[in-house]
Amino acid sequence: MLPEKLKTMLSDLPPGFMYLVVLATSLALVPPVLILRARAVPSEHRRIHLIQNMDNQPKFFDQQENLLFRDTRSMRPRVPGTVSRSQMIGDTHYFLGTVDGEFATTFPSQVEVDEALLERGRISFEIYCLPCHGVQGKGDGIIHHRAMVLLNAGTNGTTWVQPKSLHEEAIQDYPLGQIYWTITNGVRNMAGYKSQIRVEDRWAIVAWVEALQLSQDASPDDVPGAESLPTINNVIPGDDMDEEGDS
Ligand code: HEC
C-alpha cells in the first residue's frame, strides 16, 4: 500500500531501527506520566519547583553560615547598647503608674499639674473616653445609648456592659496610678489605650478624671468660704428645694 519510494527508504534503514523508534517513543511518555503522578499524589518531599516566584524564598536559618558578614554568622549579635521598648521601664511611676509594686498615689515628677495639663486632659478625655463614659464620666456616653437601643430592639447577638460611672465610690477612691493603669491596660470589658494615647496624655486624662470627680461630687465643704456664698434658696426667692422634693 505504501508508495514504492517510501518502501525502499524503509528497507534502506539499519536493521532494528523501527524497534528503536518505538522504544524511544515509549520512553518519551515516561516524564509526562511521572509529572502527572507527582501532581496528583501526596508526597512527604518538597515538590520540584521550577519557577520559584516567591513561594520559597532563599533565607538564612539560625546557626547557618552567611558570607555576607565578616564573622560569617547569619544570626546577628545585638548592637551594643540596644534597649527594647518594653525594657525602658526604669521609671515605673511614669510609665506604669506603680511605685514599689503598688499603684501610685501621686503624679510622677515629669507631670506638672497645671491648667495646660487639665486642658490637654479634657481634650483627650473627650476624644477617647467621652463616647462611652459620657462628658461628665457618668457612664452614659452616646455609645451606651446606642447599645441600649440595639438591646431593646432585640438585635441579634447584642450584649453590652455599661461603661462604669467614674463617680462610683470605689473608683473615686482609686489611687491616681490605678486610673492611669486602667487607661493603659484596660479592665475587663474595656480595652486599653496604650497604643493610641501617649504616656503624658494618659496622665493628663488622669488629671481630668480627678477634676471631674472633684467637680461632680463636690460638697459645699470643698469650697472655701462656702457658708458666706448665696445658696440657691436665697438667690431665687420662694424656690425652696425641699418643696420640690427629691423627684
Ligand atoms: C468603648 C467604650 C469605652 C471607652 C472608649 C472607655 N471605656 Fe472605660 N470602661 C468601659 C467599660 C465597659 C467599663 C466597665 C468594664 C467592666 O466592668 O467590665 C469601663 C471601666 C472603666 C473604669 C473603671 C475600672 C474599674 O476598675 O472598674 C475606668 C476608671 C475607666 N473605664 C476609665 C476610662 C477612661 C479614662 C477612658 C478614656 C481613656 C475610658 N475609660 C474609655 C468602656 C469604655
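As a reminder, the structure under discussion sits directly above these lines.
Residues numbered from 1 in each chain as written. Predicted model: local features only at pLDDT ≥ 70, side-chain atom pairs only at ≥ 80, totals over all residues. Heavy atoms only, no water.

Draft legend 1. Region of the structure containing the overall build of the chain. Along its length, the chain carries 12 helices and 2 strands. Overall, the chain shows an N-to-C arrangement of helices and strands of α-α-α-α-β-β-α-α-α-α-α-α-α-α. Principal axes of the C-alpha set define a box for the chain whose edges measure 135 × 60 × 30 Å. Looking at the chain as a whole, 20% of its 247 residues qualify as buried. For the chain, contacts bridging at least 24 residues in sequence account for 47% of all contacts bridging at least 6. Only carbon and sulfur atoms are counted for the fraction: they give 59% of the accessible area of the chain, which is about 19,500 Å². (Helix = DSSP H or I, 4+ residues; strand = E, 2+ residues; numbered from the N terminus. Buried < 20%, exposed > 50% of the residue type's maximum accessible area, 1.4 Å probe, protein only. Contact = heavy atoms within 4.5 Å. Areas by Shrake-Rupley, 256 points an atom, 1.4 Å probe, with all protein chains shown as cover.)

Draft legend 2. Up close: the coordination of the iron atom of the ligand. Surrounding the iron atom of the ligand are the protein donor atoms His 133 (NE2) and Met 190 (SD), which sit 2.0 to 2.1 Å from the metal. Between the 6 donor atoms coordinating the iron atom of the ligand, the angles at the centre fall across 86 to 178 degrees, so the site counts as octahedral. Separated by 57 residues along the polypeptide, His 133 in helix H6 (residues 130-133) and Met 190 in the loop between helix H9 (176-185) and helix H10 (199-216) bring together distant segments of the chain. Judged by its relative accessible area of 27%, Met 190 is partly exposed. (Donors = N, O, S within 2.8 Å, 3.2 Å for Na, K, Ca; no water. Tetrahedral: all angles 85-135°; square planar, octahedral: opposite > 155°, others 65-115°.)

Draft legend 3. Summary view of the site of the ligand. Neighbouring the ligand are 20 residues, the closest being Cys 129, Cys 132, His 133, Tyr 174 and Met 190. The separation between an oxygen atom of the ligand and a polar side-chain atom of Arg 188 is 3.0 Å. In this structure the site holding the ligand corresponds to the largest pocket. Of all the elements in the fold, those that place two or more residues in the shell around the ligand are H6 and H9. A breakdown of the residues in the shell around the ligand according to their chemical character gives 14 nonpolar, 4 polar and 2 charged. (Near = heavy atom within 4 Å. Polar contact = N/O pair within 3.5 Å; in protein donor to acceptor, adjacent residues only side chain to side chain. 1 Å grid on protein atoms, 1.4 Å probe; cavity = no way out; pocket = protein on both sides within 12 Å on 5 of 7 lines; lining within 4 Å. Sits in = over half its atoms within 2 Å of the grid points. Nonpolar A, V, L, I, M, F, W, Y, C, P; charged D, E, K, R; others polar.)

Draft legend 4. Spotlight on the layout of surface pockets. Size it by volume and the largest pocket reaches roughly 650 Å³. Along its surface, the largest pocket is lined by 27 residues, and His 133, Lys 164, Thr 182, Val 187 and Met 190 are the ones closest to its centre. Mapped by element, the contributors of at least two residues to the lining of the largest pocket are helix H5 (115-128), H6, helix H8 (169-172), H9 and H10. With 4 residues, H9 is the largest single contributor of residues to the lining of the largest pocket. (Points joined across faces, edges and corners; volume = space filled by probe spheres on them.)

Draft legend 5. Up close: H10. Given a rise of 1.5 Å per residue, 18 residues ought to cover 26 Å, and the 26 Å separating the end C-alpha atoms of H10 matches this to within 8%. Looking only at H10, the buried set comprises Val 199, Asp 201, Arg 202, Trp 203, Ala 204, Ile 205, Val 206, Ala 207, Trp 208, Val 209, Leu 212 and Gln 213. (Expected span 1.5 Å × (residues − 1).)

Draft legend 6. Quick look at the nonpolar core. Ranked by internal contacts, the top residues of the largest apolar core, which has 21 residues, are Phe 125, Ile 179, Ile 183, Trp 203, Ile 205, Val 206 and Val 209. Of all the secondary-structure elements, those providing two or more residues to this core are H5, H9 and H10. In terms of residue count, H10 provides more of this core than any other element does, 9 residues in total. Apart from residues no more than four positions distant in its own chain, Ile 179 is found in contact with Ile 171, Tyr 174, Val 206, Val 209 and Glu 210. (Core = buried A, V, L, I, M, F, W, Y, C linked by side-chain atoms within 4.5 Å.)

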